[in-house]
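# Chains, contacts and geometry: an overview
If you want the building blocks of each chain, they are given just below.
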Amino acid sequence: MLGIDLGTTYSGVAKCDDTGFIEMITFQRENEPMIPSVISFSNDGVPIVGKAAANDLRIRENKAIDAVKREMNKDYCDKQLQIGGILRKVSPIEMSACILRHLLYNANKELKNTYRESETNQAVVTIPAAFNDSQREKTKLSAELAGIEVLGLLQEPTAAALAYGIKTGETILVFDLGGGTLDVSIVKHEDNKGYSSYVVVGTPAGDDHLGGKDWDEALAIHVLRKENIDPSTINRFGRAWASLMAEAERCKRDLTNSLKAEFELSYKDINKPVNVTRFEFETITKVLMNRAVSIVEKAIKNAPDAKIDRFILVGGSSKMPMVRKTLERKFVGKLSNNRPLEDWISLSDPDYAIAKGAAIYAGTFMNKKKETIKVEDKTTRSYGFQAMRGKQKVILNQVFSDDPCVVNNRSFTLTTRRENQEYMDVILIENDSVEDETIYECSNPLISKSFKLPKGLPMGSEVDFIVNRDKDGIIHVGVECQEHELHFLAKNVAEDSIVNQVKQTISLMIKNER
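Scope of this entry: the structure provided in the associated data block. Note that the coordinates shown come from a computational prediction; the quantities given were computed from them, not determined experimentally.

Cut-off values and rules
- Residues numbered from 1 in each chain as written.
- Predicted model: local features only at pLDDT ≥ 70, side-chain atom pairs only at ≥ 80, totals over all residues.
- Heavy atoms only, no water.
- Helix = DSSP H or I, 4+ residues; strand = E, 2+ residues; numbered from the N terminus.
- Buried < 20%, exposed > 50% of the residue type's maximum accessible area, 1.4 Å probe, protein only.
- Contact = heavy atoms within 4.5 Å.
- Areas by Shrake-Rupley, 256 points an atom, 1.4 Å probe, with all protein chains shown as cover.
- Axes fitted to C-alpha atoms, helices over the stretch in contact; angles between N-to-C directions.
- Parallel < 35°, antiparallel > 145°, perpendicular 65-115°, else oblique.
- Left-handed = near helix turned anticlockwise from the far one by under 90°.
- Nonpolar A, V, L, I, M, F, W, Y, C, P; charged D, E, K, R; others polar.
- Pairing = 2+ DSSP bridges.
- 1 Å grid on protein atoms, 1.4 Å probe; cavity = no way out; pocket = protein on both sides within 12 Å on 5 of 7 lines; lining within 4 Å.
- Points joined across faces, edges and corners; volume = space filled by probe spheres on them.

### Thoughts on the overall build of the protein
What the protein contains, in helices and strands, is 12 helices and 28 strands. The proportion of buried residues among the 514 residues of the protein is 56%. Restricting to contacts in the protein with at least 6 residues of sequence separation, those with at least 24 account for 67%. Entry remark: accessible area of the protein is about 23,200 Å², with carbon and sulfur atoms responsible for 45%.

So this is what it looks like as structure tokens:
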């Protein structure tokens, strides 16, 4: 079984063998367990993923793309790519499927050649806790189109908690700062009738546009301004910007281990090292760290009764010294109970914890492990139906509120507004509201369908909506009226044209694998 960390900047795979042993898979071509989440295309239109694609990002205009995870809420990425001689739109689903196909193929190659184990297409795929319903569905669809049998979607902080191995009865706060996203969850380990349960306490908090890339960008802009170069004049999709961001990431890593570093600035006719101190770096990125602190505060507020035993830091960007230093300063007095700092806050395998936790969870599907793990995740969204209150559209919220991911058959009733009403509009809204009722302001509902009603209904007839949220945090809505059979409404996750394009692209990858 495989655990896949599909990251904004880096992705990797861990395996769980028949004995339950967990190990990161190192790909021979990359010689590292984590590969850049970058996709480019050969002259023949075949996708290239990883280090080679990352090199293309810096030297081949419009031939490569990165950070597609940040665009998973869109139909198409902002950047267009030159593929097979044609400049065309690419979707986050297509680009994510390319990464996942690359991971699956190379993982199986290593399983067969290095570990002498059977190949598999079964995997748990991780997602940010802050992902909404659409982002979850698109991630799952990407994996399926890549040829993966998705055993489940697992929220990244929960995966980290599994990898960390918290003690029974212990509650931890997981601070997961990756390349593109920040998630904060409070997780408690309970022994529940033979199950080893990992329960998310309160509602997770997160930001799917706050991660290491933002620190990189702030550093690149700072260096440009030091050299009197206007950052706004540089095309953010061009080679020059890609090279600057790559150098910023390298310099940031140096500043993690040293108090000063050199940024090798190469732009137009300028080629020179620019000195940057850690103090400078932490000063210009303080606003980003303050955003991260506010998310931690929100997660703690969402779980007022939780007694947090320790903070666990995961995600490659958590290695920046300012992260630990700031969290210690902001929260140690409130939460540490006078324990030594090293007992209260620690880095926990920051680069690999997510993939390993996913592999641990995947291993439970083999039914060969002595310990059975049960995960009770929670999502960060509220859901409500549109209804009419007099002449005003309102959203009746709290279909789900601070519930575990898995919720079966939550019912909700609306009534017809006129005699012999033939149709009822079913509009389900996803939002962040905690109010029971809010004014309708939504241009992109989660579900918007017109449901045909039975003939001859009197005004005020009840129509029941049955709402399920499955183990992956994905919403399903059914409609019942009188004695008529429950009818589940389909959601349009992606246009047929997008799905067909993904199938063509993955087909090219598969042909190239042979």
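### Description of the packing of helix 2 (residues 92–113) against helix 3 (residues 133–145)
As a packed pair, helix 2 and helix 3 sit with axes 8 Å apart at the nearest point and diverge in direction by 50°. Here helix 2 is positioned oblique relative to helix 3, judged by the angle of their axes. The crossing of helix 2 and helix 3 is right-handed. Between helix 2, through Pro92, Ile93, Ser96, Ala97 and Leu100, and helix 3, the contact on the second element is made entirely by Lys138, Leu141, Ser142, Ala143 and Leu145. The residue makeup of the contact of helix 2 with helix 3, split by class, is seven nonpolar, two polar and one charged.

### Considering the sheet that holds strand 5 (residues 38–41)
The three strands are arranged 6-5-7 in an open sheet whose pairing can be described as antiparallel. If you trace the sheet from one side to the other, it starts and ends with strand 6 (47–49) and strand 7 (64–66), each paired once. This sheet shows a mean twist of 25° between the axes of neighbouring strands, independent of strand direction. Running over the sheet, helix 1 (residues 51–59) touches strand 5, strand 6 and strand 7 and is turned about 75° from strand 5.

### Considerations on empty space enclosed by the protein
Counted according to the given criterion, the structure contains three cavities of 30 Å³ or more. In this structure, the largest cavity occupies an estimated 40 Å³ of space. Residue lining of the largest cavity: Leu6, Gly7, Thr8, Ser37, Val68, Lys69, Met72, Ser96 and Ile99, and that is the complete set. Of the residues in the lining of the largest cavity, the class split is four nonpolar, four polar and one charged.

### Things to note about the environment of Val223
Along the chain, Val223 turns up in helix 5 (residues 212–226). Residue classification places Val223 among the buried residues on the basis of a relative accessible area of 0%. Taking the C-alpha atoms as reference points, Val223 and Leu265, separated by 42 residues in sequence, lie 8.0 Å from one another. The contact partners of Val223, leaving out residues within four places of it in the chain, are Phe263, Leu265, Val274 and Val276.

### A closer look at helix 4 (residues 156–164)
With seven of nine residues buried, helix 4 is to be regarded as a mostly interior element. Among the residues making up helix 4, those that are buried are Glu156, Pro157, Thr158, Ala159, Ala160, Ala161 and Leu162. In the segment just after helix 4, Gly165 is the residue with positive phi, at about 75°.

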